[in-house]
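Descriptive analysis of the structure
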Amino acid sequence: MNLAYLDVRHRLGRFIGTSLGVALLFAVVLAMAGIYLGLVDDATILVRSVRTNLWVVQQGTRGPFADMSRLDPSIVARVAAMPSVKRARAFTYQVMQREHAGRSLRFALVGLDFPVDRGEALALTHGRPIVQPHGEIIADASLGLVIGDTLHVAREELRVVGLTKQLLASGGDGLIFATVADAQLLAEDTPSDAIRAERERRTERLRQTDLGRAQPALEALTGDPDFRAPALASSPIAAVLVDVEPARADAVMASLAQWPDTSVFTSAEQEQLLLDGVVDKPRKQLALFAVILVVTSSLLIGAVVYMMTLDKTHDIAVLKLMGASPWRLGGLVLQQALAIGVVGYGIAVAIGVQAFPHFPRRVVLTEDTVMGVFALVLTISTVASILGIVHALRVDPARALEG
Amino acid sequence: MDALRAEHLEKHYGQGDTLVRALQDVSLRVARGSVVALLGPSGAGKSTLVKALGLVSLPNAGRIWFGDQLVVDNGRLLASVQELRRAHLGFVFQRSNLVPFLTARQNVEIACEIGGTSNPKKRALELLDWLEVGHRASSMPDTLSGGEQQRVAIARALANHPKIVLADEPTAALDKVRGRAVMELFRKVAREQDAAVVVVTHDHRTLDIFDELHEMEDGRLSPTALATVAAH
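Residues numbered from 1 in each chain as written. Chains lettered and ligands numbered in written order. Predicted model: local features only at pLDDT ≥ 70, side-chain atom pairs only at ≥ 80, totals over all residues. Heavy atoms only, no water.

What follows is about the overall build of chain B. The helix and strand tally for chain B stands at six helices and eleven strands. Its C-alpha atoms give chain B a radius of gyration of 17 Å, within 12% of the compact-globule value 17 Å for 232 residues. For chain B, the C-alpha atoms occupy an extent of roughly 50 × 40 × 35 Å along the three principal directions. Looking at the 232 residues of chain B, the share that counts as buried comes to 56%. (Helix = DSSP H or I, 4+ residues; strand = E, 2+ residues; numbered from the N terminus. Rg over C-alpha atoms; globule rule 2.2 N^0.38 Å. Buried < 20%, exposed > 50% of the residue type's maximum accessible area, 1.4 Å probe, protein only.)

Turning our attention to the packing of aromatic side chains. Centre-to-centre distance and the angle between the planes together describe a pair of aromatic rings. Summed over all chains, the structure comprises five aromatic pairs over all chains. Note on Phe26 of chain A and Tyr345 of chain A: the rings are 6.3 Å apart at their centroids and 75° apart in plane angle, and the pair reads as edge-to-face. Here Phe26 of chain A, found in helix α2 (residues 12-49), pairs with Tyr345 of chain A, found in helix α11 (residues 326-355); they are 319 residues apart in sequence, far enough to count as distant. As far as the burial class goes, Phe26 of chain A and Tyr345 of chain A line up, both buried. Aromatic pair Phe356 of chain A and Phe359 of chain A: ring centres 5.1 Å apart, planes at 65°, arrangement edge-to-face. Taking relative accessible area as the criterion, Phe356 of chain A reaches 6% and is therefore assigned buried. Above the plane of the ring of Trp65 of chain B lies Arg5 of chain B, whose end atom (NZ or CZ) is 3.9 Å from the centre. (Phe/Tyr/Trp six-rings, centres within 6.5 Å; stacked < 30°, edge-to-face > 60°. Lys NZ or Arg CZ within 6 Å of the ring centre and 35° of its normal.)

Attention shifts here to the interface of chain A and chain B. Chain A puts 24 residues into the contact, and the matching count from chain B is 25 residues. Summing both sides of the interface, chain A and chain B together bury roughly 2300 Å²; the carbon and sulfur share of this comes to 67%. Its largest share of buried area at the contact with chain B, chain A owes to Met1, Met322 and Leu401 of chain A, together 30% of the area lost on that side. The interface formed by chain A and chain B includes one salt bridge. Salt-bridge contacts for Arg328 of chain A lead to Glu113 of chain B; the nearest nitrogen and oxygen are separated by 3.2 Å. The interface formed by chain A and chain B includes six residue pairs in polar contact (both at pLDDT 80 or more). Among the elements that line the side of chain A that touches chain B, the one with the most residues is helix α10 (residues 313-322) of chain A, at seven residues. Among the residues making up the side of chain A that touches chain B, the classes are represented as 13 nonpolar, five polar and six charged. (Contact = heavy atoms within 4.5 Å. Buried area = accessible area lost by both parts, 1.4 Å probe. Salt bridge = Lys/Arg side-chain N within 4 Å of Asp/Glu carboxyl O. Polar contact = N/O pair within 3.5 Å; in protein donor to acceptor, adjacent residues only side chain to side chain. Nonpolar A, V, L, I, M, F, W, Y, C, P; charged D, E, K, R; others polar.)

The subject of this paragraph is the pairing of strand β1 (residues 2-13) of chain B. Residue and element names in this part refer to chain B. Examined bridge by bridge, β1 and strand β2 (residues 20-31) share eight bridges and lie antiparallel to one another. The residue bridging Tyr13 from the neighbouring strand is Val20, located in β2. Counting the residues between successive antiparallel strands, the hairpin from β1 to β2 contains six residues, one of them, Gly14, with a positive phi of roughly 70°. Bridge count for β1 against strand β4 (residues 61-66) is five bridges, and the pairing is antiparallel. Within the sheet, the bridge partner assigned to Glu7 lies in β4 and is Arg63. (Pairing = 2+ DSSP bridges.)

Residue and element names in this part refer to chain B. On the basis of which strands lie adjacent, the open sheet formed by five strands has the order β2-β1-β4-β5-β6 and antiparallel pairing. Lying at the two open borders of the sheet, with one neighbouring strand each, are β2 and β6 (76-77). Sheet strands touched by helix α1 (residues 46-53): β1, β2 and β4. Its angle to β2, the strand with the most contacts, is close to 60°. Relative to strand β5 (residues 69-73), helix α2 (residues 81-88) is tilted by about 135°, and along the sheet it contacts β4, β5 and β6. (Axes fitted to C-alpha atoms, helices over the stretch in contact; angles between N-to-C directions.)

On to unusual backbone geometry, then. The peptide bond linking Phe114 of chain A to Pro115 of chain A adopts the cis configuration, its omega dihedral lying at 5°. Mapped onto the secondary structure, Pro115 of chain A falls in the loop between β3 (103-112) and β4 (124-127). One non-glycine residue, Gln166 of chain A, lies in positive phi territory at about 55°. Within the element layout of this structure, Gln166 of chain A appears in the loop between β7 (156-164) and β8 (174-179). The backbone of Asp194 of chain B shows a phi angle near 55°, a positive value even though the residue is not glycine. Considering the arrangement of structural elements, one finds Asp194 of chain B in the loop between α6 (176-193) and β9 (196-200). Exposure remark for Asp194 of chain B: the relative accessible area of 36% places this residue in the partly exposed category.

Structure, rendered in structure tokens:
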């Protein structure tokens, strides 16, 4: 006969109420774990999505995500010219917030080196890669944009031609991919007067160079945002993505490391930089919250189980007079603690499955997480039952003889 | 043959000026198949004696035998208390003390399980039928009358064929008719189950049921009260 089950059945309302309370705590523990995993996934998904071997950034920085990196675009051509380099792409990255359709739209803008990189490597759920050098973007669905939507930013019209799913920046903002030229336009987003003044300054600077004096026709190009005359100051890029032959990756990296104006990281190092730099503090904070919640859950279950045991003091005394073993009495308390934990956790998982997809930040629940937290719940319940078990074992059977 | 024998039991609480001698040189023999009443005013030591005999609160001195087995020697327990309770003792309390989350049958069945009975459910139903509450086997304790609760409690006490049944004021919460019915059940238990039954009672209207009466006062068994029912 299972006394724990029969007692629970007799006081079902209180058991369910207690389990619900515990479930909410466990749901928050699960959410913490899921948000952490989401944070890690969000932080690294961009690095994984662009599918490159090496990241060349400004010398001495840890850019472009953990640190600001500014490179002259000419470095793309320098890298592309190296032996064993299959492809070199310019890359820009900037978090922006703009108004769109009457609401505030916060996103991370990634520049793709069109036409070398049109976004084919991205996992598009709808639409197509970028095919025009100007005016097309690929956006993450989390931003609420759909194919055909037009963003009016920096006096430019950018039309959504492709959609991704759950492609987020480390801050949880959805990603928008544009050509490097468009990205730089949006990033610079300066007033018309300032743009005109800058064009004039460019033209003036061009005239003061040998190149400008030798080729006056170049003046016509200074109004083009994608113009990259080496002698002119042009908009910097954040990084150069380098695709190399796998067998030669180390050698290329060693060569790039010799350059005085750049630093180079592998994709794995770039992911680690993101985790160490961008995610580290939120990760610690989440871990701290999780520890507090685990302790709170343990105390709550412990208090509930202890109160349930106190309520049964007289019954336990009667059972002792019958000759009940400590194992049976301890088992009664332990099984009830485990029942509260397991039922509470089951409800917590159900809550999580229903509620987490609606959270503003992505919550990733993996099988490993669910099983890991379940093991934690079993441990919490066992530890929480100790006080109740000690009380049960200390009950004086003489209490059964008291009126 | 004696089912229960106690010799020179002493039990005291406190020390010095606060010393209370709850049992003083108490000796008692209870034969199998007999029903014995412990009478006396409150504080006389009746419940202390029952606790000592039930190994709930051991005496400071003296010896106790269950049948031929010496179980307490000079206040020291000589075997596992759980084993001794399972094998020899059954308790009936002032209130029925049924476990509230178990049905009548389960209350008896759990005692059978603890005692290691091979078919506890069958044994529980047999006992409830024998005590004429079999029809309430599936009822929860709070739906039973006081008399029915005590019958279930007696069935529970008999679950493991105890040689000794100790009852501490089992009719205190019952009216006269139900109280007498329960006392008669104890005689039935003694006769038909061949158990020694020791009952603490204040109810002088049911004394004719008992084989022996023992009166306690100030921790002593009064020699003048060692009269048998036959002598009344």
